[in-house]
Amino acid sequence: MPARLLPLFLLAFCSLLPCLFMLGHTGNSVVLKIYVTGITMLLLCALLWRHRLTQPLSLLLCALLAINFGLSLFSYSLYQAPFNDGFALSILETHPDESFEMLAMYWPYLAVTTVSAIGLMLLTRKLSRRLPTRVLQAGSLLLAAFMSVTYAKAAYHDGSSQPRRWVPSAYLMEKSALFNASYFIAALNDSQLIGEISQRKVRHHIEQRPTGIDTYVVVIGESARRQSMNLYGYPQPDTPQANTQRQNMLLFNDAIAAAPLTVLAVPLSLSIASPARFELHDYADNIIGLAGEAGYRTYWLSAQDAYGSYANAVTAIALNAREKAWVSGEHDFSLLSHLDKALQQPGRKVIFLHLMGSHSSACERFPSGAAVLHEQGAYDSCYVNSIRYTDSLLGQVFARLKGLRASVLYYSDHGQERTPDNGGTYYHGGEYPSQEAYRVPQFIWYSDAVPRDRTRTGQVNAPYSTADNYYLMMNWLGIRTGVRDCASPLSDCYAPPSSITVLNAARRKLDYHRLPDNVRLARAAR
């Protein structure tokens with residue numbers, strides 16, 4: 001190939017690569033627009049490079065194009081699906097410390113992104129020297145015209161029929177070589193809405209019935225797979241504390257998370273929002289606010305740091321608690337001292353403990369001395385030890401409540417998908433999840449001080465969605481609002497659901513029972 005044609009070949013090739021991630025997931029016309037805007041954005045970068053004052057803008061645009069490519073590569077490598085707004089929202093709501101952990105875990109993608117950025121900058125420099133000014137100007141004008149027309153079209157479009165809130169700037173980015181930016185724009189827009197929701201107060205007509213219980217503790221685990229727990233038949237002894245208390249439990253044998261990401265799964269489990277009719281406004285009607293309205297003293301104690309008061313859907317709901325603390329301890333046991341203080345307060349109370357549990361980087365979720373179990377894969381060992389560490393914390397909670405008229409609800413926000421790659425690799429469910437991403441543990445425990453006629457022990461064998469935990473907790477707390485709570489197994493009118501709807505990472509509705517059983521089958525189905 002003649003040397004003078006090499007820059008043009010690289011221009012065409014680099015613009016084509018991002019398009020490959022969208023083939024089969026969007027219309028061909030959109031793929032073509034992504035390709036053309038990729039070429040014109042690089043021509044704009046080359047034009048900007050010619051002037052010292054605009055060179056920083058050229059570098060910035062090259063970096064954004066590289067980041068867009070890196071996000072797509074990451075999503076496709078792990079999930080065989082495009083990046084989406086669920087992932088974007090998770091990134092935006094991740095605490096900086098956790099961000100560094102994730103970057104360390106997925107450093108190869110960071111390295112590829114960095115190399116891509118450098119490559120695009122070098123290409124921009126070469127194009128700036130080789131191509132005539134009129135070509136660079138023509139490409140830049142074409143880009144400006146396309147962006148203007150597309151935005152104008154979006155601004156005057158009626159988005160009432162769209163599955164998510166209509167944001168013209170997100171629509172514009174979706175049709176460009178920076179298509180992943182559309183998901184971040186949509187996520188930021190949702191965060192603003194969540195901020196508004198956190199300030200809304202929903203009032204109910206409440207009737208309270210006696211339950212024989214004064215202290216309620218809700219333990220929300222993180223990324224715990226039901227199939228990785230001895231309580232549910234896993235061969236490793238990673239739940240000894242729960243096992244010894246089984247006679248005091250109502251055990252859910254087929255609990256199903258509402259979504260595969262914390263930012264979706266936790267709010268869905270605490271509010272009247274549901275996967276079947278997902279509306280962010282429904283977050284305002286949540287169990288924390290309802291419990292406070294019913295006269296309970298409410299506490300939110302979290303090992304997952306809040307990053308911005310209104311940026312996080314979980315935080316927006318947590319702000320309804322009377323007392324709240326985001327504990328920056330090394331491990332989940334740092335919550336226990338705050339639990340002790342809450343237990344010393346008089347009156348009826350509901351205490352929420354939000355754990356780090358078995359979150360990504362499971363090896364960091366417990367002290368080195370707690371690594372007592374061993375699997376063939378190094379990360380498998382870390383994962384089962386993180387399950388055991390959560391079980392140890394539950395044992396500490398049981399011990400503190402032993403002499404009180406108390407009860408505990410434990411469930412995990414979502415599960416994890418596991419592949420045998422690299423000795424065991426665990427992921428959140430993506431756009432094409434398997435059932436593994438949703439299978440979670442759940443049980444209600446009663447202390448011996450609770451009158452036996454006020455307890456409900458045994459097993460719930462029917463499929464159960466954690467999206468119904470709002471109604472379960474309402475029943476558990478003895479609260480009546482006039483709304484039938486037949487979704488709760490504690491209710492006299494309970495009837496198991498005929499089907500269970502879940503959301504994927506892109507917030508699309510799926511029939512859980514139609515999903516593949518595991519990751520291998522999910523990949524084969526595609």
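Keep in mind that what you see is a predicted model, and the values were worked out from it rather than measured.

## Some details on unusual backbone geometry
Even without being a glycine, S223 presents a positive backbone phi close to 60°. If you trace the backbone, S223 turns up in the loop between strand 2 (215-221) and helix 10 (240-244). Backbone geometry at R507 places phi at a positive 70°, although glycine is not the residue there.

## Quick word on the side chain of T113
Here T113 is to be found in helix 6 (residues 107-130). Exposure remark for T113: the relative accessible area of 15% places this residue in the buried category. Within the local environment of T113, its side chain forms a polar contact with the backbone oxygen of Y109, the two atoms lying 2.8 Å apart. Apart from residues no more than four positions distant in its own chain, T113 is found in contact with A66, I67 and G70.

## Side note on the packing of aromatic side chains
How two aromatic rings sit relative to each other is given by the distance of their centres and the angle of their planes. Counted according to the given criterion, the structure contains 16 aromatic pairs. Here Y410 and F443 contribute two aromatic rings whose centre-to-centre distance is 5.4 Å and whose plane-to-plane angle is 40°, an arrangement assigned as tilted. Of the two residues, Y410 sits in strand 7 (residues 406-412) while F443 sits in strand 10 (residues 439-446), which places them 33 residues apart along the sequence. As far as the burial class goes, Y410 and F443 line up, both buried. Connected via pairs of aromatic rings, a cluster forms that spans F398, Y410, F443 and W445. Over the face of the ring belonging to Y296 we find R348, whose NZ or CZ atom lies 4.2 Å from the ring centre.

## What to know about the pairing of strand 7
The element strand 7 is largely enclosed, with a buried count of 7 among its 7 residues. Alternating positions in strand 7 separate into two faces, A406, V408, Y410 and S412 on one and S407, L409 and Y411 on the other, with burial throughout. Across 7 bridges, strand 2 lies against strand 7 in parallel orientation. Within strand 7, the position partnered with I220 by the bridge is Y411. Here 5 bridges tie strand 7 to strand 10, and the two strands are oriented antiparallel to one another. Across the sheet, residue Y411 finds its bridge partner in strand 10, namely Q442.

## Observations regarding the pairing of strand 4 (residues 297-302)
Along strand 4, 6 of the 6 residues are buried, which leaves the element largely enclosed by surrounding structure. Of the two faces of strand 4, the one holding R297, Y299 and L301 and the one holding T298, W300 and S302 are both buried throughout. Pairing of strand 4 with strand 6 (residues 349-354) involves 6 bridges; the strand directions are parallel. Note on strand 6: the bridge partner recorded for R297 is K349. Bridge count for strand 4 against strand 5 (residues 323-326) is 4 bridges, and the pairing is parallel. From the neighbouring strand, Y299 faces strand 5, where its bridge partner is E323.

## Focus: a positive patch on the surface
Taken together, the side chains of R125, K126, R129 and R130 present a region of like positive charge at the surface. Topologically, K126 is positioned in helix 6.

## Some remarks on a nonpolar patch on the surface
A contiguous nonpolar surface patch, about 350 Å² in accessible area, is contributed by L57, L60, L64 and I67. Tracing the sequence through the fold places L57 in helix 3 (residues 55-79).

## What to know about the packing of helix 14 (residues 336-344) against helix 15 (residues 378-401)
Viewed as axis vectors pointing N to C, helix 14 and helix 15 meet at an angle of 20°, and their least axial separation amounts to 11 Å. Relative to helix 15, helix 14 is oriented roughly parallel. For helix 14 against helix 15, the interelement crossing comes out right-handed. Contact residues: helix 14 offers L336, L339, D340 and L343, while helix 15 offers L393, Q396, V397, R400 and L401. A breakdown of the residues in the contact of helix 14 with helix 15 according to their chemical character gives 6 nonpolar, 1 polar and 2 charged.

Basis of the calculations
- Residues numbered from 1 in each chain as written.
- Predicted model: local features only at pLDDT ≥ 70, side-chain atom pairs only at ≥ 80, totals over all residues.
- Heavy atoms only, no water.
- Helix = DSSP H or I, 4+ residues; strand = E, 2+ residues; numbered from the N terminus.
- Buried < 20%, exposed > 50% of the residue type's maximum accessible area, 1.4 Å probe, protein only.
- Polar contact = N/O pair within 3.5 Å; in protein donor to acceptor, adjacent residues only side chain to side chain.
- Contact = heavy atoms within 4.5 Å.
- Phe/Tyr/Trp six-rings, centres within 6.5 Å; stacked < 30°, edge-to-face > 60°.
- Lys NZ or Arg CZ within 6 Å of the ring centre and 35° of its normal.
- Pairing = 2+ DSSP bridges.
- Patch = residues over 30% accessible without salt bridge, like charges linked within 9 Å, V, L, I, M, F, W, Y side chains within 5 Å.
- Areas by Shrake-Rupley, 256 points an atom, 1.4 Å probe, with all protein chains shown as cover.
- Salt bridge = Lys/Arg side-chain N within 4 Å of Asp/Glu carboxyl O.
- Lys, Arg positive; Asp, Glu negative; His and termini not counted.
- Charge placed at Lys NZ, Arg CZ, Asp CG, Glu CD.
- Axes fitted to C-alpha atoms, helices over the stretch in contact; angles between N-to-C directions.
- Parallel < 35°, antiparallel > 145°, perpendicular 65-115°, else oblique.
- Left-handed = near helix turned anticlockwise from the far one by under 90°.
- Nonpolar A, V, L, I, M, F, W, Y, C, P; charged D, E, K, R; others polar.

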